[in-house]
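Spelled out, the chains give:
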Amino acid sequence: MATAGGAHSHWTSRFAFLMASVGFAVGLGNIWRFPYVTGENGGAAFVLIYLGCAFLIGVPILMAELMIGRRGDAAPPIAMENVAKESERSTQWRWVGGMGLLAAFTIEIVYSVVVGWVLWYLFKAITTGFAGVDAVNAEAQFTAVLADNWGMLFWTLAGLAITGFIIFAGVKNGIERAVTIMMPLMFGLLIVLAGFNFFAGGFWEALAWLFTPDFSKVTFATVLAAIGQAFFSIGVAMGGMMTYGSYLPRSISISQSVFIIVIADTAVALLAGLVIFPAVFNYGLDPAAGAGLIFQTLPVAFAQMPGGYVFAVLFFVMLSVAGITSMVGLVESVNAWIEEHYGVSRHKSAMIVVGSVAVLSILSILSYNVLDELRLGERNFNDVMDYFSNQILLPLGGLFIAIFAGWFMRREHSQEEFTTLSAAGYAIWYFLIRYVVPPALLVIFVLGVSE
């Protein structure tokens, strides 16, 4: 049983928990990266491999993370320590929770700037609708954004202020209220925009791009890409899911919730493809534009399409929601630990975390221009932060969570957390968390650090 936190906050409903968790998992990478990677790796063939990886790797580790969070009833390092103590294991396992917080904080520094870009482009969409923008203008516009440090700082701080306000208000009055409004709004916008594209042209080309299986493109690298996408897309080992798990009442089924989260996360990513790529194909743009797709390619489409102003505004509202809800999960994991470990108020801890990210985000902003030449090897500051979090902290954190849940936590304790699972269902999870997930994450780690 949990050993901490009688006054610990809890979700008031399963719906609020699911919206918060899906909001954390669904980030900007889901909106553009997943559809792009899918198209480049065999379409439906990649989707099938991804789903297999998501359910064989993502689901077991997400179940483990939520389970540890709920049983430990505290922020990740404290939760890991509580559960380790209960199983008469070393309290040094708390450092695994600490790795999750470090990963979240590292990601926040760079991610907050990208969220700032999205808000800036939402402002551009509202004020101009990208009227008259062509490929040259769009590229010049984005180049100007990357050169404007004061502009990037303003919009980064705007995103952090929104995030901080939500965190500041608390779990029930802040996070719950925000996600129960923002996530249905995002889902609704996705459906409306995909429906618009059904009639606007390019829909069937996008459908073929995403869902026509091309097994000739499937290689070992494709399988590794699917494993990586499944692991990182769901948002495990970043502290957020373990923190959200600590707010989870025992009446809510972890296993059922996890399946809903993974399915919703995948559905959003695929639906986003039906929002983005019809416009790309309809206007003869480059579907392989990568990171520039959102900020350089799509504004050209918005400028040409009928109703482009409305489409552009709704699209960047949707992206803003995805970015902010992910930031909330990242910040909340660190915020909860500071609040509990140092015994400070939520208001003070929120200001500490958001303020720290704001200050360090300046380094991320400057790395797009004046500090770009300041490098560690071939990587600038942003590249180092991305490599450290995605290639080292996340796979290692996930690996240790799986090892702890499968090999060090008492089996009867995990069984108590999965009471809604059948005996066969629990046996499958236990096998996967012990024998399948650790080798897969070890492969991701080894390949990641060898890049």
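Residues numbered from 1 in each chain as written. Predicted model: local features only at pLDDT ≥ 70, side-chain atom pairs only at ≥ 80, totals over all residues. Heavy atoms only, no water.

Some details on the side chain of Thr-38
So, step 1. Mapped onto the fold, Thr-38 is located in helix 2 (residues 28–40).
So, step 2. What makes Thr-38 buried here is its relative accessible area of 0%.
So, step 3. Excluding residues that lie within four positions of it along the chain, Thr-38 makes contacts with Gly-43, Phe-46, Val-47 and Leu-210. (Helix = DSSP H or I, 4+ residues; strand = E, 2+ residues; numbered from the N terminus. Buried < 20%, exposed > 50% of the residue type's maximum accessible area, 1.4 Å probe, protein only. Contact = heavy atoms within 4.5 Å.)

With respect to the environment of Val-262
So, step 1. With respect to the helices, strands and loops of the structure, Val-262 is situated in helix 12 (residues 254–282).
So, step 2. Sequence spacing of Val-262 and Ile-365 is 103 residues, and the spatial spacing of their C-alpha atoms is 32 Å.
So, step 3. Excluding residues that lie within four positions of it along the chain, Val-262 makes contacts with Ala-54, Phe-55, Val-59, Leu-62 and Ile-234.

Here's the deal with the pattern of salt bridges
So, step 1. Scanning all chains against the criterion turns up ten salt bridges.
So, step 2. Between Arg-71 and Glu-86 there is a salt bridge, with its nearest N and O atoms 2.7 Å apart. Within this pair, whereas Arg-71 is found in helix 3 (residues 44–72), its partner Glu-86 is found in helix 4 (residues 76–86), the two being separated by 15 residues in sequence. Glu-86 matches Arg-71 in its accessibility class, with the two residues each being buried.
So, step 3. A salt bridge links Glu-417 to Arg-71, with the nearest nitrogen and oxygen atoms 2.8 Å apart. A residue pair is termed long-range when its members are at least 10 positions apart, and Glu-417 in helix 17 (residues 411–417) and Arg-71 in helix 3 qualify at 346 residues. The exposure classification of Glu-417 matches that of Arg-71, with both residues buried. (Salt bridge = Lys/Arg side-chain N within 4 Å of Asp/Glu carboxyl O.)

Notes on unusual backbone geometry
In terms of backbone geometry, most residues other than glycine have negative phi values and most peptide bonds are trans.
So, step 1. A positive phi angle is found at Asp-73, which is not glycine, with a value near 50°.
So, step 2. Here Asp-73 lies in the loop between helix 3 and helix 4.
So, step 3. Residue class for Asp-73 comes out buried when judged on its relative accessible area of 7%.

Some words on helix 15 (residues 346–366)
So, step 1. Spanning 21 residues, helix 15 covers 31 Å between terminal C-alpha atoms, matching the ideal 30 Å at 1.5 Å per step.
So, step 2. The sharpest bend along helix 15 comes to roughly 25°, located at Leu-360.
So, step 3. Residues of helix 15 that are buried: Arg-346, Ser-349, Ala-350, Val-353, Val-354, Val-357, Ala-358, Ser-361, Ser-364 and Ile-365.
So, step 4. At its buried positions, helix 15 is contacted by helix 5 (94–128), helix 7 (149–168), helix 8 (171–200), helix 14 (308–342) and helix 16 (381–408). (Expected span 1.5 Å × (residues − 1). Bend = angle between axes of the 7 residues up to and from the residue.)

Quick look at the nonpolar core
So, step 1. In this structure, Trp-11, Phe-315, Phe-316 and Trp-429 are the most contacted members of the largest nonpolar core, which totals 160 residues.
So, step 2. Per element, the largest residue contribution to this core is 18 residues, and it comes from helix 5.
So, step 3. Ignoring any residue separated from it by four or fewer positions in sequence, one finds Phe-315 in contact with Leu-193, Val-275, Ile-276, Ile-294, Leu-298 and Phe-302. (Core = buried A, V, L, I, M, F, W, Y, C linked by side-chain atoms within 4.5 Å.)

As for the confidence of the model for the protein
So, step 1. When the pLDDT values of the protein are averaged, the result is 91; 98% of them are 70 or greater.
So, step 2. Low pLDDT, under 50, characterises residues 1–7; the predicted model gives this stretch 13 contacts beyond four residues in sequence or across chains. (pLDDT = per-residue confidence, 0-100.)

Concerning the packing of helix 3 against helix 18 (residues 423–449)
So, step 1. As a packed pair, helix 3 and helix 18 sit with axes 9 Å apart at the nearest point and diverge in direction by 110°. What the angle tells us is that helix 3 and helix 18 run roughly perpendicular. Considering how the two elements wind past one another, helix 3 and helix 18 form a crossing that is left-handed. Note on element contacts: helix 18 touches helix 3 through Trp-429, Leu-432, Ile-433, Val-436, Val-437, Ala-440 and Leu-441, opposite Phe-55, Leu-56, Ile-57, Pro-60, Ile-61, Met-63, Ala-64 and Met-67.
So, step 2. In terms of residue class, the contact of helix 3 with helix 18 is made up of 15 nonpolar, no polar and no charged. (Axes fitted to C-alpha atoms, helices over the stretch in contact; angles between N-to-C directions. Parallel < 35°, antiparallel > 145°, perpendicular 65-115°, else oblique. Left-handed = near helix turned anticlockwise from the far one by under 90°. Nonpolar A, V, L, I, M, F, W, Y, C, P; charged D, E, K, R; others polar.)

Some words on the environment of Leu-101
So, step 1. Counting through the fold element by element, Leu-101 comes out in helix 5.
So, step 2. On the basis of relative accessible area, Leu-101 is assigned to the buried category, the value being 7%.
So, step 3. Residues Leu-101 and Val-331 lie 230 residues apart in sequence; the distance between their C-alpha atoms is 9.1 Å.
So, step 4. The contacts of Leu-101, once residues within four sequence positions are left out, are Pro-76, Pro-77, Ser-333, Val-334 and Trp-337.

Remarks on the packing of aromatic side chains
So, step 1. One pass over the full model with this rule turns up 41 aromatic pairs.
So, step 2. Their ring planes at 90° and their centres at 5.0 Å tell us that Phe-154 and Trp-155 sit as a pair that is edge-to-face.
So, step 3. Exposure remark for Trp-155: the relative accessible area of 15% places this residue in the buried category.
So, step 4. Grouping aromatic residues by their ring pairs yields a cluster made of Trp-117, Tyr-121, Phe-130, Phe-142, Phe-196, Phe-295, Phe-302, Phe-311, Phe-315, Phe-316 and Tyr-368.
So, step 5. Between Lys-124 and the ring centre of Tyr-121, over which it is positioned, the NZ or CZ distance is 5.9 Å.
So, step 6. The ring of Trp-407 carries the charged tip of Arg-434 above its face, separated from the ring centre by 3.6 Å. (Phe/Tyr/Trp six-rings, centres within 6.5 Å; stacked < 30°, edge-to-face > 60°. Lys NZ or Arg CZ within 6 Å of the ring centre and 35° of its normal.)

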